[in-house]
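Reading the structure
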Protein chains: 2
Amino acid sequence: MAEKDWKDRIKSLKGVVLDMCGVLYDSGEGGGVAIEGSVEAVKRIKASDLQLRFCTNETQATREQFVAKLQRMGFDIAVQEVFSPAPAAVAILKERGLRPHLLVHDDVVPEFDSVEKTNPNCVVIGDAADNFSYKNLNDAFQVLIGLEKPALFSLGRGRYYKETDGLKLDVGVYMKALEYACDIEAEVVGKPAKMFFQSVLLDMGIEPQQVLMIGDDLVNDVGGAQACGMLGLQVRTGKYRPSDERHPTVKANGYVDNLAEAVDIILKYRAMEYM
Amino acid sequence: MAEKDWKDRIKSLKGVVLDMCGVLYDSGEGGGVAIEGSVEAVKRIKASDLQLRFCTNETQATREQFVAKLQRMGFDIAVQEVFSPAPAAVAILKERGLRPHLLVHDDVVPEFDSVEKTNPNCVVIGDAADNFSYKNLNDAFQVLIGLEKPALFSLGRGRYYKETDGLKLDVGVYMKALEYACDIEAEVVGKPAKMFFQSVLLDMGIEPQQVLMIGDDLVNDVGGAQACGMLGLQVRTGKYRPSDERHPTVKANGYVDNLAEAVDIILKYRAMEYM
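The model shown is predicted, which means the values in this text are computed figures rather than measured ones. (Residues numbered from 1 in each chain as written. Chains lettered and ligands numbered in written order. Predicted model: local features only at pLDDT ≥ 70, side-chain atom pairs only at ≥ 80, totals over all residues. Heavy atoms only, no water.)

1. Examining the overall build of chain A
For chain A, the helix and strand inventory stands at 9 helices and 14 strands. What you see for chain A is a C-alpha radius of gyration of 19 Å, in line with the 19 Å of a compact globule of 275 residues. Dimensions along the principal axes, computed over C-alpha positions, put chain A at roughly 65 × 35 × 35 Å. By residue count, 53% of the 275 residues in chain A fall in the buried class. Put simply, 64% of the contacts in chain A that link residues at least 6 apart link residues at least 24 apart. One finds the centroid of the 32 positive side-chain charges in chain A at a distance of 4 Å from the centroid of its 41 negative side-chain charges. (Helix = DSSP H or I, 4+ residues; strand = E, 2+ residues; numbered from the N terminus. Rg over C-alpha atoms; globule rule 2.2 N^0.38 Å. Buried < 20%, exposed > 50% of the residue type's maximum accessible area, 1.4 Å probe, protein only. Contact = heavy atoms within 4.5 Å. Lys, Arg positive; Asp, Glu negative; His and termini not counted. Charge placed at Lys NZ, Arg CZ, Asp CG, Glu CD.)

2. Focus: the environment of Leu13 of chain B
For Leu13 of chain B, the position within the fold is in the loop between helix H1 (2-8) and strand E1 (15-18). For the pair Leu13 of chain B and Ile45 of chain B, spaced 32 residues apart in sequence, the C-alpha to C-alpha distance is 12 Å.

3. Focus on the packing of aromatic side chains
Enumeration according to the criterion identifies 10 aromatic pairs over all chains in this entry. Taking the centre distance of 6.4 Å and the plane angle of 65 degrees together, the rings of Tyr25 of chain A and Phe66 of chain A count as edge-to-face. Taken as a pair, Tyr25 of chain A in strand E2 (residues 25-26) and Phe66 of chain A in helix H3 (residues 63-72) lie far apart in primary sequence, 41 residues in all. Judged by relative accessible area, Tyr25 of chain A falls into the buried class, the value being 1%. With a centroid separation of 5.2 Å and an interplanar angle of 45 degrees, the aromatic rings of Phe141 of chain A and Tyr160 of chain B are classed as tilted. Taken as a pair, Phe141 of chain A in helix H5 (residues 134-145) and Tyr160 of chain B in strand E9 (residues 160-163) lie in two separate chains rather than in one. In textbook terms, an aromatic cluster arises when at least three aromatic residues are bridged by ring pairs, as seen for Phe132 and Tyr174 of chain A together with Tyr134 of chain B. The ring of Tyr180 of chain B carries the charged tip of Arg159 of chain A above its face, separated from the ring centre by 4.3 Å. (Phe/Tyr/Trp six-rings, centres within 6.5 Å; stacked < 30°, edge-to-face > 60°. Lys NZ or Arg CZ within 6 Å of the ring centre and 35° of its normal.)

The quantities given are spatial measurements derived from coordinates; they are silent on function.
The structure is reproduced here in structure tokens:
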């Protein structure tokens with residue numbers, strides 16, 4: 001039923017948005033490796049009449065560093081095609097005249113170079129990894145509790161992720177810690193925040209129902225995109241688990257084994273249009 | 001109305017339980033200083049026919065170290081009169097045959113000397129302060145997420161406390177972080193947990209309605225004691241704030257300026273009984 005749905009709507013598509021880790025590549029030693037067929041799949045979308053954007057919650061590097069890594073894996077990808085939480089946060093901070101205290105990974109700090117940071121009136125928290133010391137979390141807390149209206153921005157809300165040496169706590173865990181300490185609710189920047197998907201749509205200049213999001217994360221990729229009116233397709237790579245297909249509240253518009261299969265189906269259905 | 005109530009019930013009292021920090025002393029440089037009149041007030045209760053116990057959520061030292069500090073301030077106090085979360089946790093661990101992974105302050109580790117800790121099947125978290133590094137929190141998380149039924153014990157649920165150099169994050173904040181990471185709920189040991197107050201009552205061998213709890217923390221001292229059927233009196237010292245007297249859900253049975261005033265009233269009313 002749901003699968004029929006996404007195939008029926010392929011002909012009216014004007015754009016595709018791809019999650020990156022778990023769709024394009026698997027992370028691991030030395031930065032990770034491309035998932036079989038995904039380099040070629042990206043090339044095929046680019047050669048079609050579809051618009052293409054990439055959408056990631058990665059906050060342990062600048063977009064430049066991150067895109068360079070993907071290019072080394074063989075992907076045809078450019079910085080301006082990639083949407084990540086840090087630049088989205090910078091846009092929000094500038095729009096609202098906010099000066100952040102940063103609790104983020106050292107490698108993502110340069111993304112905030114253009115933002116005034118003296119006398120901070122908000123806190124931005126990212127996946128800071130080893131920078132999540134007691135002292136650093138306490139410093140962020142003291143900034144928040146000293147504000148009349150404490151404003152906390154979180155670059156994602158993930159619980160944990162997998163690295164080669166085991167599971168690692170993600171930014172959402174420390175977001176919850178500061179929320180409890182100050183009795184506040186953070187504003188999440190990145191997937192599944194509506195505003196984040198909308199900024200991608202705005203850049204493409206097309207309507208949500210004309211766009212297909214492809215991701216390995218059922219809740220943050222598929223569910224987040226659907227909440228904005230986009231189609232959501234889940235790949236059975238990356239963090240996909242079979243139980244995702246029986247999820248109580250989020251149901252993808254379709255499932256494919258990997259990105260290569262998704263692109264095969266999309267291009268086949270679009271070719272049929274012109275027969 | 002509420003105040004009349006506690007004075008009316010003084011004659012039937014058989015025991016008094018005192019919170020420590022903010023009631024007996026104020027913390028600060030070099031361990032802190034006794035609150036005026038509190039050393040004498042403790043002496044006067046001990047000279048009466050009332051039983052006396054002390055009840056603290058302190059987890060940055062062993063009871064022995066903590067009691068020695070109070071004795072240096074002039075208090076007549078013995079280790080066996082003091083109830084703190086770590087020994088309460090040890091009792092629970094032994095009763096249930098649990099082997100803890102500890103994420104606590106170095107100085108409280110000796111409290112757990114008698115507990116088997118190899119091959120852990122639960123996590124105990126206390127106010128670990130600088131021990132709350134990313135690595136240590138991640139280690140505790142990995143123990144929990146590897147268990148079939150993750151069991152987390154938290155020595156208190158405080159958000160933050162005040163030290164001479166500013167506000168510091170308390171154990172509750174890290175409890176919330178691990179709760180979110182593993183999608184579980186922690187079992188709180190210490191105030192305001194019912195079982196903690198009940199262990200004090202059991203030791204005194206008297207009924208809750210015969211016991212008066214005196215504390216500076218409206219929710220954890222007063223509210224916690226009331227939930228067990230005890231009377232709860234708030235002192236206007238320590239972390240007391242005037243807004244406490246307008247709290248939406250917790251109402252003390254009475255308010256006094258300090259411990260000395262409470263003891264004055266208690267002993268006066270009890271003397272009247274025999275007139």
